[in-house]
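# Structural characterization, general
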Amino acid sequence: MKGSAILSNKPLPTSGPYPTSDPYLFCVYHKDQYPQGNGKMEAPFPGNGHDFNPSNPYRMYHGDLIPGFPQHPHRGFETITATIDGVIDHADSAGNCGRYGMGDLQWMTAGEGIVHSEMFPLLKTDEENPLRFFQIWLNLPAKSKMVKPSFVMFWANDVPEFRSEDDKATATVWVGSNYWGIKKNNSPPPDSWASDETNDVALVHIKIHPGGKIILPKAHESSVNRSLFYIEGSSGMLVDGQAINDKVFLSLDPTKDVTLQLPDEHKTAGEFLWLQGKPIDEPVASYGPFVMNTQQEIRQAFSDYRETEFGGWPWPRDDMVFPMEKGRFALHEGKETEPIKSERERSEL
């Protein structure tokens, strides 16, 4: 009898970052049931500057009147913001900005240093503004930690999706290729660890309805770290034939196909986040918003930021948001693009 593809099975923390493996540094699943907006995209009550209370229906995070993360710096890694529901406003010190959500992915290489904000405007005034997304930090190797910052946006309609024949299982492949017959995907930023296909980086959102199943194909590279987070759903989901509890983190053997199956008797769908990549296998030194290879480099990052502010903040407010009536868009190097408007966007924005 073959050995299990599950190498470890641990409960997820009830709040805060999820455990990650090299080349990933950080992963948070944000799920906030924001109320109706007041016409100024604001929440009913101001934040306290550090609101991460997991027992509340929503959090203000570092926001004051609008929830989110006002301007703050990064150096030495990449931020990937992969959305499911709701919208996010991005602005950065390079002059890039955008409004995105509802399946879009925004990817920023901090490299030598950038300042950005990620705010959650409450656009709808006649109903609630639920928000769900993943904030993921992908490391950069030493040779790429001081590259020029870059920014890309993957619109939801350009993100490949696999569907089972019975439509009971879907996989939204934000990052990764040559899985489930998907031969080509959106190109990562040029200096990303993911830009080299031999690093086999994957970032996928999987949803399985009762009676559905999907096979997670074995990795292309046997040396990758493969993680599976069961983020939504009840106990009893089958992974490689084993029933798992709700809210668990699984490390998987990358050399094996793994069947994910939700028995018919379940009432609601189950959801996973799949993260994968070949480890960078270098020393990691981190402090707050900076991730380098040595403590000396961290000290230098703080010194450089104090001296240069990584180019300064060009926007009129620290918690930059855009006009309430504006749809999804991305402004990069002075050129504005927008997605093809879907029925979902027309109904929600």
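Provided above is the structure to which this section pertains.
Presented here is an overview of the structure given in this document.

Helix and strand content of the protein chain: two helices and 24 strands. Relative to the globule expectation of 20 Å for 349 residues, the C-alpha radius of gyration of the protein chain, 20 Å, shows essentially globular dimensions. Once the C-alpha set of the protein chain is aligned to its principal axes, its extents read approximately 60 × 50 × 35 Å. By the burial criterion, 54% of the 349 residues in the protein chain qualify as buried. Looking at the protein chain alone, contacts between residues at least 24 apart form 74% of all its contacts between residues at least 6 apart. Roughly 15,500 Å² of accessible area belongs to the protein chain as shown, and the carbon and sulfur atoms make up 50% of that amount. Between the centroid of the 33 positive side chains of the protein chain and the centroid of its 48 negative side chains there is a distance of 3 Å.

Read across the sheet, five strands follow the order β2-β9-β4-β7-β10 without closing on themselves; strand pairing throughout is antiparallel. Strands with a single pairing partner mark the edges of an open sheet, and in this sheet they are β2 (24–34) and β10 (150–154). The average undirected angle you get between the axes of adjacent strands in this sheet is 15°. Pairing geometry for β2 and strand β9 (residues 129–139), over 10 bridges, is antiparallel. The residue of β9 that forms the bridge with Y24 is L138.

On to the side chain of K145, then. Looking at where K145 falls in the secondary structure, it is placed in the loop between β9 and β10. Summary of buried charges: K145 has no salt-bridge partner, and the nearest side chain of opposite charge, E282, is 6.3 Å away. At 3.1 Å, the side chain of K145 and the backbone oxygen of V291 are in polar contact. The residues touching K145, leaving out its near neighbours within four places in the chain, are G76, G111, E112, N139, L140, V291, M292 and N293.

Pairing is antiparallel across the open sheet formed by six strands, whose spatial order is β3-β8-β5-β6-β23-β24. The outermost strands of the open sheet, each flanked by one partner alone, are β3 (68–74) and β24 (335–337). Averaged over all adjacent pairs, the angle separating strand axes in this sheet is 20°, with direction ignored. Relative to strand β8 (residues 114–119), strand β5 (residues 87–92) is paired through four bridges, and the arrangement is antiparallel. Residue pairing across strands places D92 opposite H116, the latter belonging to β8.

A full pass over the atoms with the stated rule returns 14 salt bridges. Between R99 and D89 there is a salt bridge whose closest N-O contact spans 2.7 Å. You can see R99 sitting in strand β6 (residues 97–101) and its partner D89 sitting in strand β5, a full 10 residues away along the chain. Of the residues examined, R99 reaches a relative accessible area of 0% and is grouped as buried. With a shortest N-O distance of 3.0 Å, K326 and E336 are connected by a salt bridge.

For the coordinates displayed, the defined rule picks out 25 aromatic pairs. Note on F69 and F120: the rings are 6.2 Å apart at their centroids and 75° apart in plane angle, and the pair reads as edge-to-face. Highlighted residues: F69 in strand β3 and F120 in the loop between β8 and β9, separated in sequence by 51 residues. Summarising the burial analysis for this pair, F69 and F120 share the class buried. Here a set of aromatic residues connected by ring pairs shows up, and it is made of Y34, F52, Y58, Y61, F69, F120 and F133.

Looking now at the pairing of strand β19 (residues 258–261). Side chains of β19 alternate between two faces, with V258 and L260 buried and T259 and Q261 left unburied. Pairing geometry for strand β14 (residues 213–216) and β19, over four bridges, is antiparallel. The residue of β19 that forms the bridge with L216 is V258. With two bridges connecting them, strand β16 (residues 237–239) and β19 associate as antiparallel partners. Across the sheet, L238 pairs through a bridge with Q261, a residue of β19.

What counts, and at which threshold
- Residues numbered from 1 in each chain as written.
- Predicted model: local features only at pLDDT ≥ 70, side-chain atom pairs only at ≥ 80, totals over all residues.
- Heavy atoms only, no water.
- Helix = DSSP H or I, 4+ residues; strand = E, 2+ residues; numbered from the N terminus.
- Rg over C-alpha atoms; globule rule 2.2 N^0.38 Å.
- Buried < 20%, exposed > 50% of the residue type's maximum accessible area, 1.4 Å probe, protein only.
- Contact = heavy atoms within 4.5 Å.
- Areas by Shrake-Rupley, 256 points an atom, 1.4 Å probe, with all protein chains shown as cover.
- Lys, Arg positive; Asp, Glu negative; His and termini not counted.
- Charge placed at Lys NZ, Arg CZ, Asp CG, Glu CD.
- Pairing = 2+ DSSP bridges.
- Axes fitted to C-alpha atoms, helices over the stretch in contact; angles between N-to-C directions.
- Salt bridge = Lys/Arg side-chain N within 4 Å of Asp/Glu carboxyl O.
- Polar contact = N/O pair within 3.5 Å; in protein donor to acceptor, adjacent residues only side chain to side chain.
- Phe/Tyr/Trp six-rings, centres within 6.5 Å; stacked < 30°, edge-to-face > 60°.

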